[in-house]
Each structure stands twice: as structure tokens, then as C-alpha cells.
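Each chain is listed here by its residues.
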Amino acid sequence: MNLNGDKLNKYFTLPKQAIENALGKDVKELPTFPIILVKLLKLTSNESSSIKDLEKIVETDPAIAVKVLKIVNSAAFGPKQKINRLRDAIIYLGFSFIRKLAMEVTIFEQMIQYNQPSHFNRLFFWRHCLSVACISKTLAEALGYPDPEEVYVAGLLHDIGKIILDTYGQTTYSDFLVNYKNSNGLLIDEEKRLVGVSHDDIGAYFCHLWSLPYMVTLAVKFHHCRFEHLSLSNNDALIVSIISLCDFITWTQGIGSFEAQRQPILTQEIDKIINIETIDFHSLLTKMDHDIESIARFYNFTFPSSYEFRENLLRTTLHLNKINTEYYHLQKELKEKVESMAHIKKSLTSPHQSLDTKKIITKTLEAIKMDFSFDRLYILHIDTNSRVLKIKNVLDTTNTGKPLSSFQISLSSLTGGIIDCFRNNKPYLISGATIDELKILQGLQVKEIGIIPITNDNQVIGLIGVDNIVSENAIHPYDLSFLTAVASELGRALENAKIFETFREKATLDSLTQILNREAIENTLKKSFHKAKAEGIPLSVGLVDIDFFKIFNDTFGHLIGDDVLKLVAETMKKASRPNDSVGRYGGEEFIFILNDTSYKDAFIYGERLRRKIENMGKLFQKRFKNCSLTVSIGISPYDKSMKTQKDLIAKADKALYRAKELGKNIVFGISAQE
């Protein structure tokens with residue numbers, strides 16, 4: 001094993017400051033890695049030359065030696081006569097097995113065993129680590145990795161950051177899991193948001209600090225992350241991929257590190273490095289269960305038992321996860337693309353008809369109608385949620401009275417021309433060549449339809465459909481080919497409109513908290529105020545101010561202050577209804593607008609929001625020592641005497657001032673009669 005951790009410096013820089021903030025102390029104050037484990041890791045895998053060394057190391061910890069001998073003499077291994085000496089145990093079971101067993105027992109005894117009840121079940125966690133280690137070693141052997149024992153160690157330690165965080169964190173991992181159960185985000189993203197650092201970064205940092213093998217540290221760091229950009233060597237990329245894949249496999253089998261229905265994402269690189277289709281999962285899972293059976297009895301583990309169910313479930317989950325992962329990274333790349341274009345002039349956010357999606361489509365269909373005289377034209381949109389093609393944006397001058405808006409085609413049952421259109425990015429004339437084509441024609445009550453793919457960057461994002469339901473004139477394939485260029489231009493125009501819409505939305509958001517900025521929230525309030533005044537419907541407004549916010553900045557720095565602002569904003573978003581609006585009003589002050597909401601209901605909402613933020617603050621008490629995260633809220637309803645929305649704001653501000661005067665962490669409201 002290569003213990004040269006300096007190699008890691010060319011691949012990444014670990015966030016030492018963020019880790020120390022999360023743990024609340026200098027990392028040098030934390031316990032070091034057990035010496036016996038370091039010595040075990042350094043031992044060569046050559047059984048003939050290392051038996052004495054192994055015996056000497058294990059004997060230095062009598063408690064570990066007793067545990068090893070107890071396991072060796074258990075019914076699972078069935079020696080003919082009792083083994084009392086470590087040397088005999090090594091000869092009986094082999095150097096590698098005893099070394100592995102000694103490591104497992106040492107890690108469990110010194111780092112895992114913890115009897116205090118919590119939401120983070122360490123025995124459940126240890127079962128996961130053992131399973132990942134066993135299946136990783138088996139897969140490494142099948143794939144020809146040069147040192148399967150090294151992979152086993154990486155499997156045992158891949159989630160060690162969770163234990164470190166649970167033991168020493170300002171916010172323990174148990175505390176984190178309480179909040180994570182209500183989140184839809186990815187695990188490491190939520191760890192960074194709520195704790196300040198992810199478990200893979202913490203684990204890799206301490207593996208590096210403890211001078212553990214370079215390859216082990218690399219696997220700990222990247223088993224949840226993209227790594228293609230690092231240009232890793234073949235073996236480096238392979239060990240990371242093995243640990244990541246086996247971690248995912250164990251989660252699909254209900255053997256995760258904590259109880260949850262969600263699995264980690266499977267990064268795209270893995271499919272390029274490991275040919276998943278060729279893996280004999282049945283044998284792999286069977287071998288895993290066999291390898292840990294004896295230890296499972298020792299720890300009182302239980303495992304799922306239906307192998308066929310597990311294998312089928314695993315293959316299905318792998319397939320679905322590949323799709324979800326591609327979607328996740330495409331979304332992330334789009335976001336980065338938009339943000340990288342932030343230097344474009346602000347004038348682009350002004351409304352312009354050429355960037356209006358509806359107008360773009362309407363003018364395109366009108367132009368095609370004028371030149372080709374089709375009876376009906378429409379756009380078939382791809383609904384990714386329901387996996388269907390839906391007709392929208394219809395241009396129909398036939399007055400047949402036959403609506404198209406309810407027509408849809410399932411993507412999962414596509415055959416014939418439509419599937420060829422998608423695969424080859426070419427137009428197609430549907431004339432009933434297959435049963436599915438006939439069903440489509442019958443649904444539209446026509447003899448034939450032409451479809452032209454709308455593309456962007458060689459990806460089909462929709463279809464233009466044309467037919468002649470009344471005239472029954474033949475549709476010429478030549479015309480469809482000519483329209484390909486039009487559809488391509490339409491695709492680019494729609495992408496530009498999408499980017500414009502993203503910029504326009506971005507211009508309304510506060511860059512830090514990602515809720516409406518001061519200008520946008522004031523414009524929103526102005527519209528709500530006029531509607532309430534014109535239609536006589538209730539409207540309530542609340543101002544929210546973070547208590548003692550200056551102390552957060554002065555004590556922990558502005559980066560932590562920014563985190564507090566983002567947490568409050570996120571809580572306000574989650575607590576709001578779709579027709580409500582929340583925004584950052586300035587500094588540490590926020591505002592919420594409750595449409596069609598009475599003063600009484602607004603007060604109930606404000607109190608619920610105050611409690612949510614107070615509870616969030618309790619979660620971070622260890623992280624923010626001597627600083628309680630609370631807010632004061634001032635509420636005011638609209639009344640007929642108010643001339644502008646400024647009167648409403650002024651009244652809410654007055655209520656907020658009273659809430660502060662009364663001792664903070666209070667909701668104070670001024671009703672319409674006051």
C-alpha cells in the first residue's frame with residue numbers, strides 16, 4: 001500500500017477551516033487514528049513473511065487478541081479443537097483473514113461502539129461498512145484490481161466522516177439526520193448546508209491527517225463525487241468506482257448507513273470505467289453474504305434473503321439511477337452556463353417579443369401555414385414527468401370543432417416513425433405503417449401526419465406536427481425535409497427564450513438567499529395591494545428581522561452570517577404557499593406577503609414561522625455557541641384607509657419595532673382597527 005498522502009494535493013484541497021468550524025475545535029485536539037490500525041495497514045499481504053509481525057501487533061492489544069480468538073473459535077469457523085494462540089489462528093485461517101478480522105474488531109471497539117441511543121444507529125452503520133467492504137473486495141478481485149485488500153480497507157472506512165462528525169461535531173450526525181429526513185436534497189449537499197461540510201470531506205481529511213494509504217483516502221473523498229476532470233490513473237479511478245458502486249449496491253439492498261429510502265447518486269464516470277452489464281450480481285451478492293455471515297452473527301445483524309428479488313431490484317435501480325444522474329448533472333451544467341453569462345448587459349432582461357416563447361411559436365406556425373397551407377399545425381411538447389407527448393400551441397383554421405388539447409402519446413410505447421424521428425433527428429411521415437401509428441392517426445382522425453423534430457444541440461426537445469384533416473391533400477416528404485431548417489431555428493430561438501427567462505428570473509432574486517430582492521418584492525407587493533384595494537380581498541404583510549444578527553457576524557465571521565441568512569430564507573420559502581411571496585428587504589430583514597389572508601391567519605403563519613426558525617436554531621446550538629438563532633416578526637393587514645403599499649409596510653415596521661422592544665423572538669401584530 002502506498003502511504004504517500006502528498007499525492008492528493010494535485011487532485012483537491014480539503015476545507016480545513018470548514019471542518020474545524022463544523023467540529024468546533026482544532027483538528028489537532030482530536031484523538032489520533034489507533035496505532036494498531038496504522039501498523040496493520042502497513043503490513044504486507046505476503047502471508048509467509050508477515051505472520052510474526054501480525055502476531056506481535058495483535059498481541060499488543062490483549063482485548064483485541066481475545067476478541068479475535070473468540071471469533072475464530074465460534075461455530076461459524078468450526079475448528080476441530082479449540083485455538084488458544086494467535087499464531088495457530090493465523091495458520092488455521094490465513095494471514096489475510098486474521099489481519100482483516102483484527103482490523104474490523106479494532107475499528108468497532110475503538111471507533112464504532114457507542115451505546116447512547118440516537119437517530120444515527122452505529123450498529124446499522126457498521127453493518128453497512130462491512131457489507132461495502134466485503135462486496136468491494138469481491139468486485140475488485142473480479143475486475144482484476146491489483147490489491148483487493150486495499151479495496152476492503154477503503155470499504156470499511158469510506159463513511160468514517162459520519163462517525164467523526166457524530167462523535168465530535170458541533171451538530172452531531174444524529175442531529176443532522178433529524179433534519180435530513182424532511183429534505184429532498186442530495187445527502188452531501190444537505191450536509192454542507194446544515195453542518196457546513198460533507199462527510200466525504202471530513203473522512204478524507206482525517207485519512208490524510210492519519211497518513212492512511214493514498215488510494216484509501218482517494219476513495220473516501222470521491223465515492224460520492226465526480227472525478228473525471230482529475231485525469232486519475234486507471235487503478236485510482238477503478239478503486240473509487242468500485243467503492244462508489246458497492247456503496248450504491250448496499251443501499252439498494254436496504255443496507256445503508258442509516259435508515260432511509262433514498263440511495264446515493266451513481267456518478268457517470270462509473271459506467272465508463274466498469275461495465276455494469278457484465279457483472280454477475282447474483283454471485284456478487286451471494287459472496288458478500290457468505291463473507292460476512294460469521295461476523296453478522298457476532299454483531300447480531302440481519303439481512304434481506306431473496307436473491308432473485310435483490311438482483312432484479314438492483315438492475316432496475318441502476319438503470320433508473322443512471323437516468324436520474326444524467327438529469328442531475330445536466331441541470332447543474334445548465335445552471336453553471338447561465339451563471340457564467342452574468343456579464344451580459346442588464347438591458348437583456350427587458351421584455352422583448354423575440355424572446356417571448358408563446359410569440360416565437362405562434363409566428364413560426366403562422367409562417368409555415370402561409371407557405372405550405374397545411375390545415376392544422378401544432379407543437380408536441382415532451383412532458384418528462386408523465387413521459388408523454390402532449391399537443392399544445394395549435395394553429396387550426398378548419399373550424400372542425402375537434403379539439404387537440406387532450407391528445408397525447410405515451411413515450412414508452414413509441415414505435416414506427418415517431419421513434420425514428422427521435423433517434424435520427426429527421427422528419428417523418430406517419431401513414432399507418434404500425435399498429436401504434438394507426439392509433440395515432442385514429443386519435444387525430446386523419447389519414448397521415450407529418451412530424452418534424454425541434455432540436456437544440458442535436459437533442460430533440462419537441463415536434464412540429466402538421467396534417468390536412470379537411471382538404472386531405474397529400475403531405476410531401478420533401479416539404480417536411482425543407483421544414484427541418486425552420487424547426488432547427490425554432491429550437492435555437494426557444495433556447496434563447498429559455499435563457500432570457502432564466503436571466504429575467506435571476507434579475508428578481510437576491511444573489512445570496514435566492515428569494516425575491518428588494519425591488520422585486522416591492523413590485524409584487526404593489527400588485528397585491530392594488531388587487532386587494534380593487535377587489536376587496538384580504539392581504540397581510542410581515543417583516544422578519546434576525547435577532548442579534550450582528551453577534552453572528554462579529555463572532556463567527558461574515559461567511560457564517562451569510563449561512564444564517566440563507567437558512568432563514570430557505571425556511572421562509574418552505575413555510576410559504578404557492579400564492580405567497582417572500583423576499584429579502586435589506587440586511588438581515590425579510591418580508592412575506594400573504595395574499596387572500598386575514599390578520600388572524602397571518603398571525604398564525606408568523607408564529608409558525610418563528611417556531612420553525614427557533615427550532616432550526618436549536619439544531620445549530622453547538623455550532624453557534626452562545627448565539628441563539630431567532631427572529632422577531634411584525635405583522636400588519638391591509639385596510640381601506642391605506643392609500644399605498646408604503647402605508648402597509650410602515651404599519652408592519654411599527655409592529656416589528658414593538659416585537660423587538662418586547663424582548664425579541666416574538667410575533668407582534670397591529671390589526672386594522674389599531
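Just so you know, the residues in each chain are numbered from 1, in the order the chain's sequence is written. The predicted origin of the model limits local features to residues at a pLDDT of at least 70 and limits the giving and counting of side-chain atom pairs to 80 or more, whereas totals for whole chains, interfaces and linings rest on all residues. The basis for the side-chain values is all heavy atoms of the structure; hydrogens and waters are excluded.

### Some remarks on the overall build of the chain
Comment: elements are numbered from the N terminus, with helices defined as DSSP H or I runs of at least four residues and strands as E runs of at least two. Scanning the chain from N- to C-terminus turns up 26 helices and 11 strands. Partly exposed residues are those whose accessible area sits between 20% and 50% of the maximum for their type, while under 20% is buried and over 50% is exposed, using a 1.4 Å probe and protein chains only. Relative to its 674 residues, the chain shows a buried fraction of 50%. Shrake-Rupley sampling with a 1.4 Å probe provides the accessible areas, and residues are treated as covered by the protein chains on show and by no other component. Accessible area for the chain stands at about 32,900 Å²; split by element, carbon and sulfur atoms hold 51% of it.

### Observations regarding helix H14 (residues 234-252)
In this model H14 runs 27 Å from its N-terminal to its C-terminal C-alpha over 19 residues, within 8% of the 27 Å that 1.5 Å per residue would give. Of all 19 residues making up H14, 17 are buried, and the element is well covered by its neighbours. Given the number of residues in a helix, its expected span is that number minus one, multiplied by 1.5 Å.

### Things to note about the pattern of salt bridges
A pairing counts as a salt bridge when a side-chain nitrogen of Lys or Arg comes within 4 Å of a carboxyl oxygen of Asp or Glu. For the coordinates displayed, the defined rule picks out 23 salt bridges. Lys 162 serves as the salt-bridge partner of Asp 159, at 3.2 Å between the closest nitrogen and oxygen. The pair Asp 159 / Lys 162 is uniform in exposure class, with both members buried. Where Lys 272 meets Glu 228, a salt bridge forms, and the shortest distance between an N and an O atom there is 2.9 Å. You can see Lys 272 sitting in helix H15 (residues 268-273) and its partner Glu 228 sitting in the loop between helix H13 (214-222) and H14, a full 44 residues away along the chain. Of the residues examined, Glu 228 reaches a relative accessible area of 43% and is grouped as partly exposed. Here the residues in one salt-bridge network are Arg 226, Glu 228, Glu 269 and Lys 272, joined through shared partners.

### Some points on unusual backbone geometry
Of note, the phi angle at Asn 393 is positive, near 50°, even though the residue is not glycine. Mapped onto the secondary structure, Asn 393 falls in strand S2 (residues 388-396). Despite not being glycine, Phe 548 shows a phi value in the positive range, around 55°. Take Phe 548: it is sitting in the loop between strand S7 (539-546) and helix H23 (549-556). A relative accessible area of 48% means that Phe 548 is categorised as partly exposed.

### Concerning the sheet that holds strand S4 (residues 428-430)
An order of S3-S2-S1-S6-S5-S4 is seen for the six strands of this open sheet, with the pairing classed as antiparallel. A strand with exactly one partner marks an edge of an open sheet, and here the two such strands are strand S3 (408-410) and S4. Here the strands of the sheet are splayed against their neighbours by 30° on average, with no regard to which way each runs. Sheet strands in contact with helix H18 (residues 357-372) are strand S1 (376-383), S2 and strand S6 (459-467), and its direction is about 140° off that of S1. Any two strands with at least two DSSP bridges between them are considered paired. Interaxial angle, 0 to 180 degrees, is taken between N-to-C directions of lines fitted to C-alpha atoms, where a helix line uses only the stretch in contact. Contacts: residue pairs with any heavy atoms within 4.5 Å of one another.

### Comments concerning the side chain of Lys 137
Topologically, Lys 137 is positioned in helix H7 (residues 122-143). Exposure remark for Lys 137: the relative accessible area of 18% places this residue in the buried category. Setting aside residues no more than four positions away along its own chain, Lys 137 makes contact with Pro 148, Glu 149, Val 151 and Tyr 152.

### Concerning the pairing of S2
Of the pairings in the sheet, the one linking S1 to S2 comprises seven bridges and is antiparallel in character. Among the inter-strand pairings, Ile 379 is bridged to a residue of S2, identified as Lys 392. What sits between the antiparallel neighbours S1 and S2 is a turn of four residues, in which Arg 387 has the positive phi angle 60°. Where S2 and S3 come together, three bridges link them in antiparallel fashion. Directly across from Leu 389, in S3, lies its bridge partner Ile 409.

### What to know about the pairing of strand S5 (residues 449-456)
Here S5 lies mainly inside the structure; eight of its eight residues are buried. Side-chain alternation along S5 places Ile 449, Ile 451, Pro 453 and Thr 455 on one buried face and Gly 450, Ile 452, Ile 454 and Asn 456 on a second face that is also buried. By the bridge criterion, three bridges tie S4 to S5 in an arrangement that is antiparallel. Within S5, the position partnered with Ile 430 by the bridge is Ile 449. Pairing analysis gives eight bridges linking S5 to S6, with the strands arranged antiparallel. Directly across from Ile 449, in S6, lies its bridge partner Asp 467.

### Some details on the sheet that holds strand S11 (residues 667-669)
Within the open sheet, the five strands sit side by side as S8-S9-S7-S10-S11. Their pairing is mixed. Each edge of the sheet is formed by a strand with only one pairing partner; in this case those strands are strand S8 (581-586) and S11. Strand-to-strand twist across the sheet, computed as the mean angle between neighbouring axes with direction ignored, equals 20°. Here seven bridges tie S7 to strand S10 (residues 631-637), and the two strands are oriented antiparallel to one another. By the bridge assignment, Ser 540 is partnered in S10 with Pro 637. Sitting on the sheet, helix H22 (residues 518-535) is in contact with S7, S8 and strand S9 (589-595), with an inclination near 130° to S8.

### Points about the packing of helix H6 (residues 95-112) against H7
Interhelical geometry of H6 versus H7 gives an angle of 150° and a closest axis separation of 12 Å. With respect to H7, the axis of H6 lies roughly antiparallel. In this structure, H6 crosses over H7, and the sense of that crossing is right-handed. Contacts from Glu 104, Ile 107, Phe 108, Met 111 and Ile 112 in H6 reach Arg 122, Leu 123, Phe 125, Trp 126 and Leu 130 in H7. The class makeup of the residues in the contact of H6 with H7 is eight nonpolar, no polar and two charged. Here roughly perpendicular refers to angles of 65 to 115 degrees, roughly parallel to angles under 35, roughly antiparallel to angles over 145, and oblique to all remaining angles. Less than a right angle of anticlockwise turn of the near helix away from the far helix marks a crossing as left-handed, whereas a clockwise turn marks it as right-handed. In the scheme used here, Gly and all other residues not listed as nonpolar or charged are polar, with Ala, Val, Leu, Ile, Met, Phe, Trp, Tyr, Cys and Pro taken as nonpolar and Asp, Glu, Lys and Arg as charged.

### Side note on the confidence of the model for the chain
The share of residues in the chain with pLDDT of 70 or more is 83%, and the mean pLDDT across the chain is 80. Each residue carries a pLDDT value, the predictor's own confidence for that position, ranging from 0 to 100. Across residues 1-5 the pLDDT falls below 50, and counting only partners more than four positions away or on other chains, this stretch makes 18 contacts in the model.

### A short note on the environment of Val 470
Assignment of secondary structure puts Val 470 in the loop between S6 and helix H21 (477-507). Residues Val 470 and Thr 400 lie 70 residues apart in sequence; the distance between their C-alpha atoms is 8.1 Å. Beyond its immediate chain neighbours, meaning those up to four positions away, Val 470 contacts Asp 375, Thr 398 and Thr 400.

### Structural notes on helix H1 (residues 16-23)
Of the residues making up H1, those classed as buried are Ile 19, Glu 20, Ala 22 and Leu 23. Taken around the axis of H1, the buried residues stretch over an arc of 160°, which confines them to a single face. Contacts from the buried residues of H1 go to helix H9 (160-168) and helix H12 (199-209). Positive phi shows up at Gly 24, right after H1, with a value of about 75°. Starting at the helix axis, one direction is taken to each C-beta atom, and the arc is that of these directions.

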